[in-house]
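# Analysis of the macromolecular model
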Amino acid sequence: MLAWSGDVGVQWHYIAPGKPTQNGFVESFNGRMRDELLNETLFFTIGQARSILACWVDDCNTERPHSSLGYATPAAFAAGFEQQRAG
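Here goes a summary of the coordinates provided. Just so it is clear, the model here is predicted, and its values are computed rather than measured. (Residues numbered from 1 in each chain as written. Predicted model: local features only at pLDDT ≥ 70, side-chain atom pairs only at ≥ 80, totals over all residues. Heavy atoms only, no water.)

### Section: the packing of aromatic side chains
One pass over the full model with this rule turns up two aromatic pairs. On the numbers, 5.9 Å between centres and 75° between planes, the contact of Trp-12 with Tyr-14 is edge-to-face. On the accessibility criterion, Tyr-14 (62% relative accessible area) is exposed. (Phe/Tyr/Trp six-rings, centres within 6.5 Å; stacked < 30°, edge-to-face > 60°. Buried < 20%, exposed > 50% of the residue type's maximum accessible area, 1.4 Å probe, protein only.)

As structure tokens, then:
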């Protein structure tokens, strides 16, 4: 990862050990995914895990409104953003 980030010019910033609040968005997502999917599902194959995960991600992006997006789904928000940008 460090080699790739250096090759493409991406700055690398570390999160201090024991400080998950430095990246609260990702920590919130990880907790939700763990609670709603990983703790509730028994996976038997990698293919099954990928399929179930893809369905969960699709549901999150197309069916669940988010308060931070004005209670729009991420897909609807992105579509509106693209229309604004194009017009």
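### So, the packing of helix α2 (residues 24-38) against helix α3 (residues 46-62)
Where α2 meets α3, the closest approach of the two axes is 12 Å, and the angle between their N-to-C directions is 120°. The orientation of α2 with respect to α3, classified from their angle, is oblique. Relative to α3, the crossing made by α2 is right-handed. Together, Phe-29, Arg-32, Met-33, Glu-36 and Leu-37 of α2 and Ile-52, Leu-53 and Trp-56 of α3 make up the contact between the two elements. (Axes fitted to C-alpha atoms, helices over the stretch in contact; angles between N-to-C directions. Helix = DSSP H or I, 4+ residues; strand = E, 2+ residues; numbered from the N terminus. Parallel < 35°, antiparallel > 145°, perpendicular 65-115°, else oblique. Left-handed = near helix turned anticlockwise from the far one by under 90°. Contact = heavy atoms within 4.5 Å.)

### Quick look at the side chain of Thr-73
On the secondary structure map, Thr-73 appears in the loop between α3 and α4 (74-86). Within polar-contact distance, the side chain of Thr-73 engages the backbone nitrogen of Ala-76 at 3.1 Å. Not counting residues up to four positions away in its chain, the partners in contact with Thr-73 are Asn-61, Thr-62, Glu-63, Arg-64 and Pro-65. (Polar contact = N/O pair within 3.5 Å; in protein donor to acceptor, adjacent residues only side chain to side chain.)

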